[in-house]
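An overview of the molecular structure
Below are the chains, spelled out letter by letter.
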Amino acid sequence: MAETVTPSGTTGTLLASLDPLLRTWLPRQRWFAGKGRPVTGFTPVAVTELLRPDGRLGLYHLLLRVHQPPALGAPAHPGDCYQLLIGVREALPPRLAPALIGHVEEGPLAGRTVYEALYDPRPAEVLMEALRTRARIGGLRFERDPHQEIREGLVARLMTAEQSNSSVVYGDTFILKLLRRVVPGVNPDLELPLALAREGCPRVPAPTAWLHAEADGEPAGPYVLAVLQPYVSGATDGWELALRELAKGEDFLAEARSLGRATAEVHTALARALPTVTLGHAQLQPLADGMTERLEAAVQAVPALRPFERGLRSAYTALADLAAEGRTWTAQRVHGDLHLGQCLRSPSGEWSLIDFEGEPARPLAERRMAQPPVRDIAGMLRSFDYAAHSATPAAPDWAHACRAAYCSGYAEVAGRDPRTDPVLLRAYETDKAVYEVVYEARHRPDWLPVPLSAVRRLATSEPI
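Residues numbered from 1 in each chain as written. Predicted model: local features only at pLDDT ≥ 70, side-chain atom pairs only at ≥ 80, totals over all residues. Heavy atoms only, no water.

Our focus in this paragraph is the overall build of the protein chain. When helices and strands are tallied, the protein chain shows twelve helices and 18 strands. At 23 Å, the protein chain has a C-alpha radius of gyration in line with the 23 Å of a compact globule built from 464 residues. For the protein chain, the C-alpha atoms occupy an extent of roughly 70 × 50 × 45 Å along the three principal directions. Counting the 464 residues in the protein chain, one finds 53% classified as buried. The contacts in the protein chain between residues at least 6 apart in sequence include a share of 68% that link residues at least 24 apart. Looking at the protein chain as shown, the accessible area adds up to about 20200 Å², and 53% of this sits on carbon and sulfur atoms. Within the protein chain, the 55 negative side-chain charges are centred at a point lying 1 Å from the centre of the 50 positive side-chain charges. (Helix = DSSP H or I, 4+ residues; strand = E, 2+ residues; numbered from the N terminus. Rg over C-alpha atoms; globule rule 2.2 N^0.38 Å. Buried < 20%, exposed > 50% of the residue type's maximum accessible area, 1.4 Å probe, protein only. Contact = heavy atoms within 4.5 Å. Areas by Shrake-Rupley, 256 points an atom, 1.4 Å probe, with all protein chains shown as cover. Lys, Arg positive; Asp, Glu negative; His and termini not counted. Charge placed at Lys NZ, Arg CZ, Asp CG, Glu CD.)

Here's what the structure looks like:
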């Protein structure tokens, strides 16, 4: 391991030599958020040399701000910051062909090949060793829980099914999640699991180690870059399990009820660990107004929503009216992006919740705000609908039964059934369904009937 490359001299020539390769490679990555707009340049936030490229292998850790023209109608933006791990070799062996970024023609790496280092076990093991030893390398700070053991020699393998981030599994013992698009500040993907670990909540794997980078001049604090947690070997995610049961014609009621209990256990522990707030009319009116504004924008973007606009709007006005009458609700920290794919069932049948980052496209401050727990519940209810409509033929009765079982399971632990607050639940589920309509219209038109079926129901009735 070596030192941080300084901002002057080598850093400039290194990035200049990588620039044309990264402009082509970055937009092709699944986790790159700026698709559809050209990359016009880069600004280094930090460039750290982890392995000096004077032997068979080199390794660089890059935090780069990526510049692109703003989306149509969007304000100017300084550019998203991405975390990259760049491996350097004389030539790539065939097994690393999918990791190729390109061949460098000039600068300090001229004549060498650069690639996505996480495909290569050796660079991934360098990261694990730095976490194990609590290394300090330039502005990178590798931290760990001293009460958890990290054995040496765990073989690394990249998981290839990621979307917005990347994950590496180490010997079926740990999983390292590397955040790709990063912002300075307290990241809930580390903050909330640490808080839940302090409360002894078994439903979320306790962080074993984590990586952050100093952010000079950033009042929000350092960048959280990666979190290492125990790997639930042999686990199945809820989405895969639900589709498997649907394909066999089996119900999912016991699992849905267990998921409801697990969700309530996490919510209860978060309410103990972190402050809660009371939402009254002053807080609920802006919330309902925001939902209404999103609906209006969605109707403009997707005309298929227009026949349902009045009914959907009533979900938000009903919430605002209750608040105006003096009704209050409790808000707390929540998962923020809960769905079947964020839940793991172990071989023993226990459920865990993972990925507390929230919706990555939303600002960090918004993701860390206290929310009514029903926001998570609405996300899970929508996920049951998606699973049911993925079956052939669609199985709306299966979804309805799962939604009811999930709410019943939640009530067993929380002491209150989400269905007893139908106005709040309908408002949040409507907001989620409207978001889904816009997303599917833009990205997966064949899936548009799934949220539209929910929109049809929510415009005229209660959520369940």
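Here the focus is the pairing of strand S13 (residues 223-230). With seven of eight residues buried, S13 is to be regarded as a mostly interior element. Bridge analysis of strand S10 (residues 174-179) against S13 gives five bridges, and the strand direction is antiparallel. Within the sheet, the bridge partner assigned to Ile175 lies in S13 and is Gln229. Here five bridges tie strand S12 (residues 209-213) to S13, and the two strands are oriented antiparallel to one another. Bridging across to S13, Ala209 finds its partner in Leu228. (Pairing = 2+ DSSP bridges.)

Here we come to the nonpolar core. Ranked by size, the top nonpolar core spans 70 residues in total, and within it Phe252, Leu312, Phe384, Trp398 and Tyr406 carry the most contacts. Discounting chain neighbours no more than four positions away, the residues touching Tyr406 are Ala256, Arg257, Leu259, Gly260, Thr263, Leu338, Ile377, Met380, Leu381 and Phe384. Formed by 44 residues, the second largest nonpolar core is a distinct cluster that contains Leu50, Leu59, Tyr115 and Val126. (Core = buried A, V, L, I, M, F, W, Y, C linked by side-chain atoms within 4.5 Å.)

So, about the packing of aromatic side chains. Here the structure, examined in full by the defined rule, presents eight aromatic pairs. Pairing Trp31 with Tyr82 gives two aromatic rings, centres 6.0 Å apart and planes at 45 degrees, and the pair type is tilted. Here Trp31, found in the loop between helix H1 (10-25) and strand S1 (41-51), pairs with Tyr82, found in strand S3 (residues 80-89); they are 51 residues apart in sequence, far enough to count as distant. The exposure classification of Trp31 matches that of Tyr82, with both residues buried. Put simply, the rings of Trp25, Trp31, Phe32 and Tyr82 touch in pairs and so form one group of aromatic residues. (Phe/Tyr/Trp six-rings, centres within 6.5 Å; stacked < 30°, edge-to-face > 60°.)

This paragraph deals with helix H7 (residues 309-324). Across its 16 residues, H7 extends 23 Å between first and last C-alpha, which sits within 8% of the 22 Å expected from 1.5 Å per residue. By the burial criterion, the buried members of H7 are Gly311, Leu312, Ala315, Tyr316, Leu319, Ala320 and Ala323. Of the surrounding secondary structure, the elements contacted by the buried residues of H7 are helix H6 (281-301), strand S16 (329-331), helix H11 (422-443) and helix H12 (449-458). Just beyond H7, the residue with positive phi is Gly326, at close to 105 degrees. (Expected span 1.5 Å × (residues − 1).)

Read from one edge to the other, the open sheet built from three strands follows the order S14-S17-S18, with strand pairing classed as antiparallel. Of all the strands in the sheet, just strand S14 (236-237) and strand S18 (351-353) have a single pairing partner and so form its edges. Note that S14 and strand S17 (residues 343-345) share two bridges and pair antiparallel. Looking across to S17, one finds that Asp237 is bridged to Leu344. Running over the sheet, helix H5 (residues 253-273) touches S17 and S18 and is turned about 45 degrees from S18. (Axes fitted to C-alpha atoms, helices over the stretch in contact; angles between N-to-C directions.)

In contact at an axis separation of 9 Å, H7 and H11 are set at 140 degrees when each is read in the N-to-C sense. Our classification of the angle between H7 and H11 gives oblique. When you trace H7 past H11, the crossing you get is left-handed. Across the interface between the two elements, Gly311, Leu312, Ser314, Ala315, Tyr316, Ala318, Leu319 and Leu322 from H7 touch Val423, Leu424, Arg426, Ala427, Thr430, Asp431 and Val434 from H11. Class assignment for the residues of the contact of H7 with H11 results in ten nonpolar, three polar and two charged. (Parallel < 35°, antiparallel > 145°, perpendicular 65-115°, else oblique. Left-handed = near helix turned anticlockwise from the far one by under 90°. Nonpolar A, V, L, I, M, F, W, Y, C, P; charged D, E, K, R; others polar.)

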